[in-house]
Every structure is written in structure tokens, then in C-alpha cells.
Amino acid sequence: MATGSRFSSYYIKETKSGTTPASGKLTPFRLTSSSLDISIATLESEELRDDSETADFRLGARSVEGTVSGEMSFGTFDDLLAAALRGTWQSNVLKGGITRQSFTFVEYNADLPSGQYTIYRGCEVNSMSLSLAAESMTTVEFGIVGRSMEIADSLPAGLSLGERTTTSPMDGFSGRLLEGGQEVSVITELGLSVENSIEPRFVVGSKFSIDPSVGRRAVTGTANVYFVDNTLREKYLDEVETSITFDLIDPTDSTKKYTVKVPRVKFTEAPRPVDGEGDIMLNMGYRGLLDASVGSSIEITRVTGATF
């Protein structure tokens, strides 16, 4: 019987979408959960019969869908962050771009007697979500859209397992958060999402997608804020543009951090529900827009050499 305690996940970047490299090392995905799986459409005959039976049924077009989640740590997910932004790291800076990147994902169930490996090919990062909370580990979730799946008894030929990173999970106690360039200390939770609107494209003669379509990048997020004054509500009502910047710092080595910046932000909602006699919170929503000076709606800077 398969158990989560004997489960692991790996990935390797593809040169051609849907084709696993002939050699290389698989990068361990330090995951906490995975819903990656095959999604298969169904076809059912609409033939009318006097015995009220269904004449035929079969499986149809197939695609890979799901999410893989983990605790954010330094140097662990850099390849997937770049894929989510469709960009490349340039001098430790990552911005939104148009470069599509695909991966082969391999999942391993160590306690199965056979077919321990599930191989997903042509996988692109459709979405990325970061979640920061005052009393929790910082988490990251990648939404995956892929092209094919197979079950195997061994790794793809030519591939071997790489070493997993050992950096500590980041948390909400470390780092700092700025809104409009000013440090704030009244936000209890912050979420950031990047969506790429990647969807399968099916053609006659194949059950699997050709290169999937891709849409505009959407950078959105949420923030739960103690309601101490009307500053943020007024920015929402008056459509005042601002920015959101936050640091994700390695808790055991302050020379390692990511600075995530959404340089041009508009708030999209600011409800402040009252439920009982406790603290009133603002449940802010925001949207990132193209910033001309940065050239992107989001920028991630990887810092490795200074003490904070």
C-alpha cells in the first residue's frame, strides 16, 4: 500500500516540450503535497435504443493537471520560479518575460511492488502562489499543465537523482514588508499569485495536446490587515497606485534572501467585515500592472552576499 511518507517528486528541464532529456540529473522537489495527475475526457454514445441502454463509452483527450506544493527555501525552486514568470535569472534578478519552459516531472512511490515511477512530460508552470503568514512557514504552490503521463518500473534512461537542497524553510517571522515604499507591521497574511492561462490544445488524430496555448500574465494577491486607519481604504477608493515589496529570508543564514517586488499595484477590494467583538480586519485584494521602469509587473531579486 502506498503512503505519503514514502513518496517523493523530481523534475528536469526539457529542451523540447514533451521530450525527456537523454541524460541529466533530476532535481528533488521538496514537496508537502501533490495533486499532479492525468485528466482524461470521456466520450459517450448518444445512440437512442429501445432497451434504454448505453451503446458505447470510451476515454478521450488527455492532459496533465494539478499542483505541487512545498515550503519556500532558498535555492530550492529557482528553476520553477523562472518558469512561472516565463523569465530567466539575469545577474540574480528575475522579471516577467515570454520564454516558455517545460519540464519532465517524476513521482516515486517507494512502497509499491511495481510501477513505482509516474512520469509526466511537457509540464509547464501555469501558476505560482506564495503565502506568508505571521505564525506559519512560507509556502509556495505551482500549478502544472502537462501533455502526457506514463507508469514505469524505473527512471527514464540516462537520468539519475540529484541532491536535494538543505536550506531551512522560510517563515513569516523573518524579513520585512513594504507598501508604497514604507515598512508596515499590521499585515497578518500576504498572498501573491502569478497566472499564465496555459491551456491544452487538441487536434484530430491525437489524444494528447500539441503545444498548449498561453495567455497574458496576471499578478494578483491578497493581504489581511489590522484596521488601524483608513489609509489603505482611501487608496482603494481613489485608485491610488502603490507598490508591494517583501523579503523572504533564510532563517539560519541572513545572507540568503529573495526580495519580491510588485512595483505597480492597484487595490481591487477592501472589505472590513465585523464579526463579534474582536479585531476588525481589512481583507485587501490587489492587482499588479506593468511598470515601465522595471519592464515587468513583478520582479524577484536573489541576494546571497550581504547581511541584513
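Anything mentioned here points back to the structure above.
Residues numbered from 1 in each chain as written. Predicted model: local features only at pLDDT ≥ 70, side-chain atom pairs only at ≥ 80, totals over all residues. Heavy atoms only, no water.

*Asks:* Sorry if this is basic, but what is going on with the overall build of the protein here?
*Replies:* Tallying secondary structure elements over the protein gives two helices and 21 strands in all. Its C-alpha atoms give the protein principal-axis dimensions of about 70 × 55 × 40 Å. When the 308 residues of the protein are sorted by exposure, 43% land in the buried category. In the protein, the share of contacts with a sequence separation of at least 24, taken over all contacts with a separation of at least 6, comes to 69%. Summed over its atoms, the accessible surface of the protein is roughly 15,800 Å², and 47% of this surface lies on carbon and sulfur atoms. (Helix = DSSP H or I, 4+ residues; strand = E, 2+ residues; numbered from the N terminus. Buried < 20%, exposed > 50% of the residue type's maximum accessible area, 1.4 Å probe, protein only. Contact = heavy atoms within 4.5 Å. Areas by Shrake-Rupley, 256 points an atom, 1.4 Å probe, with all protein chains shown as cover.)

*Asks:* What's the story with the nonpolar core in this structure? I'm lost.
*Replies:* Inside soluble globular proteins, nonpolar side chains tend to come together where they are buried. Of all hydrophobic cores here, the largest spans 50 residues; its most connected members are Phe 105, Phe 142 and Phe 246. Leave out the neighbours within four places in its chain, and Phe 246 touches Leu 130, Leu 132, Arg 176, Leu 177, Leu 190, Leu 192, Tyr 258, Thr 259 and Val 260. Tyr 10, Val 106, Ala 152 and Leu 159 belong to the second-largest nonpolar core, a separate cluster that totals nine residues. (Core = buried A, V, L, I, M, F, W, Y, C linked by side-chain atoms within 4.5 Å.)

*Asks:* Please clarify how helix H1 (residues 78-85) should be interpreted in this entry.
*Replies:* Given 3.6 residues to a turn, an α-helix orients residues that are three or four positions apart in the same direction. Counting buried positions along H1 yields seven of eight residues, so the element is predominantly enclosed. Along H1, the residues that are buried comprise Asp 78, Leu 80, Leu 81, Ala 82, Ala 83, Ala 84 and Leu 85. Looking one or two places after H1, you find Arg 86, whose phi comes out positive at around 55°.

*Asks:* Looking at this structure, how should I read the pattern of salt bridges?
*Replies:* Pairing between side chains of opposite charge can happen when the charged atoms of each approach one another. Taken as a whole, this structure holds twelve salt bridges when the rule is applied. When the shortest N-O distance is used, the salt bridge between Glu 124 and Arg 100 registers 2.8 Å. Remark: Arg 100 occurs in the loop between strand S6 (93-95) and strand S7 (103-109) and Glu 124 occurs in strand S8 (residues 117-133); sequence separation between them is 24 residues. Since its relative accessible area comes to 33%, Arg 100 is described here as partly exposed. Taking the shortest distance from any N to any O, the salt bridge between Lys 266 and Glu 239 comes out at 3.2 Å. With a gap of 27 residues between them, Lys 266 in strand S19 (residues 257-269) and Glu 239 in the loop between helix H2 (231-237) and strand S18 (242-249) connect regions that are remote in the sequence. Accessibility expressed as a relative area gives 26% for Lys 266, which makes it partly exposed. (Salt bridge = Lys/Arg side-chain N within 4 Å of Asp/Glu carboxyl O.)

*Asks:* Would you take a moment to explain unusual backbone geometry for this structure?
*Replies:* Peptide bonds are trans in most cases, and residues, glycine excluded, mostly fall at negative phi. Here the phi dihedral of Asn 92 falls at roughly 65°; this positive angle occurs in a residue that is not glycine. As for its position among the elements, Asn 92 is in the loop between H1 and S6. Non-glycine residue Ser 197 carries a positive phi angle of around 55°. With respect to the element layout, Ser 197 can be found in the loop between strand S14 (187-195) and strand S15 (199-201). Take Ser 197: its relative accessible area is 42%, and that puts it in the partly exposed class.

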